[in-house]
Protein chains: 6
Amino acid sequence: MKNMTKDIEVSNQPLKMVDVSNKPVVKRIAEAEGKIRLQQETIRKIRQGLVEKGDVFSAAQIAGVLAAKKTPELIPLCHLISLSKIDIRFSIHKEHITGKCTVIGESKTGVEMEALVGVGTALFTIWDMVKYLEKDEEGQYPHTRIVEIKVLEKRKETITLE
Amino acid sequence: MKNMTKDIEVSNQPLKMVDVSNKPVVKRIAEAEGKIRLQQETIRKIRQGLVEKGDVFSAAQIAGVLAAKKTPELIPLCHLISLSKIDIRFSIHKEHITGKCTVIGESKTGVEMEALVGVGTALFTIWDMVKYLEKDEEGQYPHTRIVEIKVLEKRKETITLE
Amino acid sequence: MKNMTKDIEVSNQPLKMVDVSNKPVVKRIAEAEGKIRLQQETIRKIRQGLVEKGDVFSAAQIAGVLAAKKTPELIPLCHLISLSKIDIRFSIHKEHITGKCTVIGESKTGVEMEALVGVGTALFTIWDMVKYLEKDEEGQYPHTRIVEIKVLEKRKETITLE
Amino acid sequence: MKNMTKDIEVSNQPLKMVDVSNKPVVKRIAEAEGKIRLQQETIRKIRQGLVEKGDVFSAAQIAGVLAAKKTPELIPLCHLISLSKIDIRFSIHKEHITGKCTVIGESKTGVEMEALVGVGTALFTIWDMVKYLEKDEEGQYPHTRIVEIKVLEKRKETITLE
Amino acid sequence: MKNMTKDIEVSNQPLKMVDVSNKPVVKRIAEAEGKIRLQQETIRKIRQGLVEKGDVFSAAQIAGVLAAKKTPELIPLCHLISLSKIDIRFSIHKEHITGKCTVIGESKTGVEMEALVGVGTALFTIWDMVKYLEKDEEGQYPHTRIVEIKVLEKRKETITLE
Amino acid sequence: MKNMTKDIEVSNQPLKMVDVSNKPVVKRIAEAEGKIRLQQETIRKIRQGLVEKGDVFSAAQIAGVLAAKKTPELIPLCHLISLSKIDIRFSIHKEHITGKCTVIGESKTGVEMEALVGVGTALFTIWDMVKYLEKDEEGQYPHTRIVEIKVLEKRKETITLE
């Protein structure tokens, strides 16, 4: 009977944020990259600015920048970081588009998750912009793929005040 | 043929945040103001606390404060700033109400966008609260206008710790 | 003594949403417009695509569309409405830019607040994009103004399924 | 007549954030606790991992951590604080579950609201996970209660950089 | 060795939303209640409108309404519901304030979580508004408690279009 | 000179949402899949429940479900859709984990973007949970990759009310 009223601490694998309170604030830079494979005709339309919903790269850049800022809301155990810069660029290739997201922050922990979320959301936005070009007759996407999302580099730097 | 596989960097006007990582953190103050023109009868009801949806100024103040905090989520290239104070006040005039939003932050960049978003959202909230008074018989708003949203002042100050 | 324990209902002007549960779902359209006054040189740079932070209209359109979707989060007593379309256009004038936001929704209540929030946020985003061009030597904005935000039209329509 | 055009400053009780700009940044810790009373059979199912919607404590921990980060968005006059750690633990008792939320931040103001919002949202999430077990035949909740939400402790500490 | 390449479906207790796609849309009403225990002096200041941060009930009502709308964002497995009405009322007692949140929605699933989140956030906001009155000399809250959060009633109704 | 005052409609590629107001509401189902490549040692730790930050799959499932609900906030031109179900599952392989997200909605437009955002955010969350295991001595991620995000299937179904 005694046992029934005893507290049982729930201890197997509680989800928890890493405590960063005693870490120094450092300037942090991270670069992430990813690709979206599209049909050549879709890429041609993007390049010529003929996509119905509008300019694909502007939409993707803004979506990526806004998503990078939302990282602590999207990735549960990420800390809120004040980002100094978010930059998203694209290069157009024969059968894919490469997106690259560079993030700079001053923080106690790295900014690679921000760069990954930024580039990932930019690529999802490209997909959304060209859905009507990529779908086949049955409404499926046999060609479209997001591939090779990776962190290109992560580094720390000293802040040099202007 | 070679050209087709060559990368093409997308470079015309990429949208980008200004890099503020090497700027010093300074105490920043901004004040923005705007007006909403309303019918005299609507202003009388607001003043007497007779608006059906409830107290117009409380709703507008809270909406403005919350929106100012959301600025980096609303204005794509704004940086996240830790705001020390947001204050929204109103003055009642014969045919309009003036809202004023003061924002204080410690940051690498100014807080005028926060003040503008704060006062703008406060004015939109006033509009929402008095919709039923401002609409004419055909459901249109011939009189209601938001006018003269401007930045009154922007300045820096030294932080004097208590 | 009895009085001290008696409940006192707080009744002066509780803030409350209008109950729309017994209203029919109707197709609703609203158009709102607003202007931002800028220096001629700034307008020239926008038109020529020479603004440092990137394409002003793309940023403003996306910011406006996203903000219109966030209306129930920004304007406290607004209902959540499923929007079928949000469209933001600009026209360039000698000393100002006019933004127009059209919103279509199927809902129990009108969508004019969504159109107002959409156009307002688009104009704030233009301001943010050209801050460095509009500021004077002392960092003030003597010329920049957002003016004449209004609802152009509000109407209901019958839904004709495709 | 003159009075009618005179400005009337709206001054009775404007809602305002406390200005913290001149306060020092200090390491702050707060612990909040709360209980949810459930039926013994529900607690047995939680303990044995037999709840249909999945693992109750994981869902509640993540919901609580994310909500604590959203505090300045939920509690209108709270300041945005960069949190270094959020930790949510549970202990299982005969007729209730106790949740405890510990928050560490470096800030100009305390983090007890973050801890309260964290533990409260964790308890609401537990309720949501076990709704189907707690409802009686008429869909009511005669037994379920959230009780005794309180701040256990609030303190300041010196930051010792690693 | 073969085993190492075999897929292992992760199946122990995946967290999942209940599928409501085949449920009918019904008008749903839920009422939740909760209390916050405060010192008599604090309650006196609230009643007289003398709280420094401004009108406590307006802030709490708006915070509660906005939070109820955010329920699917706060409680992970909740469905998005279009709410027709959210109403938050307070009654003042000798040593506590009672908050009551009524929510009406048309949905495939009940709205009691929305009512609970609404009343809970309203009570947290009251706490935030009166922190400076409730804290003792050491910055602790020996008296403040949120107690007895419960669902008063849940019911369905037929929609009668106006 | 006359030209300078003439309006210039900005028309090159305005970003715009597709108007879905005249489309019927249909039950829609979409399934998306993606993989994250990890080191074998990391996968072993995940499988044995030995990851420091806690249960990887619970965190990833909840993050994915919440992100799928946020799709219209993340992907600028997506419509808000009321989702009836979001389900995220994982299978563990020798050198990667596969995530699959199934989304059901009743809507005027497809839910594949919701499924893509759901699975993508789940995979980013896995990355975040195992960062400390995947980083090499220089803090880089030479092995970690997110690959092959695709839409497995998209279909419509008739709603059969229970």
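Here the structure is a predicted model, which is why all the values come from computation and not from measurement.

**Here we look at the overall build of chain A**
Consideration 1: A tally of regular secondary structure across chain A gives six helices and five strands.
Consideration 2: Secondary structure elements in chain A, listed N-terminal to C-terminal, are α-β-β-α-α-α-β-β-α-α-β.
Consideration 3: The C-alpha radius of gyration computed for chain A amounts to 21 Å, which surpasses the reference 15 Å derived for 162 residues by more than 25%, pointing to a less compact arrangement than a globule.
Consideration 4: By its C-alpha atoms, chain A is 70 × 55 × 25 Å across when sized along the principal axes.
Consideration 5: Looking at chain A as a whole, 54% of its 162 residues qualify as buried.
Consideration 6: Long-range contacts, defined as pairs at least 24 residues apart, comprise 76% of the intrachain contacts of chain A with a sequence gap of at least 6.

**A few points about the relation of the copies chain D and chain A**
Consideration 1: Of the two same-sequence chains, chain D is brought onto chain A (RMSD 0.0 Å, axial shift 0.0 Å) by a rotation of 120°. Here the two chains are linked by the operation of a three-fold rotation axis. Of every C-alpha in chain D, the one belonging to D:S82 sits nearest the axis of rotation, 5.0 Å from it.

**With respect to the interface of chain A and chain F**
Consideration 1: Across the boundary between the two partners, chain A contributes 41 residues, which contact 41 residues of chain F.
Consideration 2: Listing elements by their share of the side of chain A that touches chain F, those giving two or more residues are α3 (56-69), α5 (112-129) and β5 (145-157) of chain A.
Consideration 3: Relative to strand β5 (residues 145-157) of chain F, β5(A) is paired through two bridges, and the arrangement is antiparallel. From the neighbouring strand, A:I149 faces β5(F), where its bridge partner is F:I146.

**Regarding the interface of chain D and chain A**
For interface size, the figure often reported is the accessible area lost on association.
Consideration 1: Each partner contributes residues to the interface: chain D has 26 residues there, and chain A has 23 residues.
Consideration 2: Mapped by element, the contributors of at least two residues to the side of chain D that touches chain A are α3 (56-69), β3 (83-92) and β4 (96-107) of chain D.
Consideration 3: By residue number, the principal contributor to the side of chain D that touches chain A is β3(D), which donates nine residues.
Consideration 4: Of the residues assigned to the side of chain D that touches chain A, the class counts are eleven nonpolar, seven polar and eight charged.

**Let's talk about unusual backbone geometry**
Residue and element names in this part refer to chain A.
Consideration 1: The backbone phi angle of E148 is positive, close to 55°, even though this residue is not glycine.
Consideration 2: By secondary structure assignment, the location of E148 is in strand β5.
Consideration 3: For E148, a count of 17 C-beta atoms within 10 Å corresponds to the partly exposed category.

**Focus: the pairing of strand β4 (residues 96-107) of chain C**
Residue and element names in this part refer to chain C.
Consideration 1: In this sheet, β4 lies alongside strand β2 (residues 26-37) in antiparallel orientation, the contact comprising twelve bridges. By the bridge assignment, A32 is partnered in β4 with C101.
Consideration 2: Bridge analysis of strand β3 (residues 82-92) against β4 gives ten bridges, and the strand direction is antiparallel. Paired with I86 across the strands is V103, a residue of β4.
Consideration 3: Two successive antiparallel strands, β3 and β4, enclose a turn made up of three residues.

**Focus on the relation of the copies chain A and chain F**
Consideration 1: Overlaying chain A on chain F yields an RMSD of 0.0 Å, the required transformation being a rotation through 180° with an accompanying axial translation of 0.0 Å. Expressed as a symmetry operation, the mapping of one chain copy onto the other fits a two-fold axis. Every residue of chain A has its C-alpha some distance from the rotation axis, and the shortest such distance is that of A:V147, at 2.2 Å.

**Some thoughts on the packing of helix α5 (residues 112-129) of chain B against helix α5 (residues 112-129) of chain C**
Consideration 1: The interhelical angle for the contact between α5(B) and α5(C), taken along N-to-C directions, is 165°, at an axis separation of 11 Å. When the axis of α5(B) is compared with that of α5(C), the two are roughly antiparallel. As α5(B) runs across α5(C), the sense of the crossing is right-handed. Contact residues: B:M113, B:L116, B:V117, B:G120, B:F124, B:W127 and B:D128 in α5(B); C:M113, C:L116, C:V117, C:G120, C:F124, C:W127 and C:D128 in α5(C).

**Side note on the confidence of the model for chain A**
All names here are of chain A.
Consideration 1: In this model, chain A carries a mean pLDDT of 92, and residues with pLDDT of at least 70 account for 92%.
Consideration 2: Note on residues 1-5: pLDDT under 50 across the span, and two contacts to partners over four residues away in sequence or across chains.
Consideration 3: Interface confidence for the predicted complex, given as ipTM, is 0.93, next to a pTM of 0.95.

**Let's talk about the environment of C:D19**
Consideration 1: Relative to the assigned elements, C:D19 resides in the loop between β1 (8-9) and β2.
Consideration 2: Not counting residues up to four positions away in its chain, the partners in contact with C:D19 are E:S84, E:K85 and E:I104.

**Things to note about the arrangement of the chains**
Consideration 1: Over all C-alpha pairs, chain A and chain E never come within contact, reaching a minimum spacing of 10 Å.
Consideration 2: The least C-alpha distance between chain B and chain F, which are not in contact, is 10 Å.

**As for helix α2 (residues 40-48) of chain A**
Residues and elements named next belong to chain A.
Consideration 1: Those residues of α2 that fall on the buried side of the exposure criterion are T42, I43 and I46. Looking straight down α2, one finds its buried side chains confined to an arc of 100°; they lie on one side. Of the exposed residues in α2, those oriented more than 90 degrees away from the buried face are Q40, E41 and Q48.
Consideration 2: Contacts made by the buried residues of α2 are with α3, β3 (82-92), β4 (96-107) and α6 (131-134).
Consideration 3: Taken from the residues just after α2, G49 is the one with a positive phi, measuring 70°.

**Here's the deal with the packing of helix α3 (residues 56-69) of chain B against α5(B)**
Residues and elements named next belong to chain B.
Consideration 1: Where α3 meets α5, the closest approach of the two axes is 7 Å, and the angle between their N-to-C directions is 145°. Pair α3 / α5 crosses with right-handed handedness. Across the interface between the two elements, V56, A59, A60, Q61, A63, G64, V65, A67 and A68 of α3 pack against E114, V117, G118, V119, T121, A122, T125, I126 and M129 of α5.
Consideration 2: Partitioning the contact of α3 with α5 into residue classes produces twelve nonpolar, five polar and one charged.

Calculation notes
Residues numbered from 1 in each chain as written. Chains lettered and ligands numbered in written order. Predicted model: local features only at pLDDT ≥ 70, side-chain atom pairs only at ≥ 80, totals over all residues. Helix = DSSP H or I, 4+ residues; strand = E, 2+ residues; numbered from the N terminus. Rg over C-alpha atoms; globule rule 2.2 N^0.38 Å. Buried ≥ 20, exposed ≤ 12 C-beta atoms within 10 Å, placed from the backbone. Contact = placed C-beta atoms within 7 Å. Least-squares fit on C-alpha atoms with pLDDT ≥ 70 in both. Pairing = 2+ DSSP bridges. Nonpolar A, V, L, I, M, F, W, Y, C, P; charged D, E, K, R; others polar. Axes fitted to C-alpha atoms, helices over the stretch in contact; angles between N-to-C directions. Parallel < 35°, antiparallel > 145°, perpendicular 65-115°, else oblique. Left-handed = near helix turned anticlockwise from the far one by under 90°. pLDDT = per-residue confidence, 0-100. Arc of directions from axis to C-beta.

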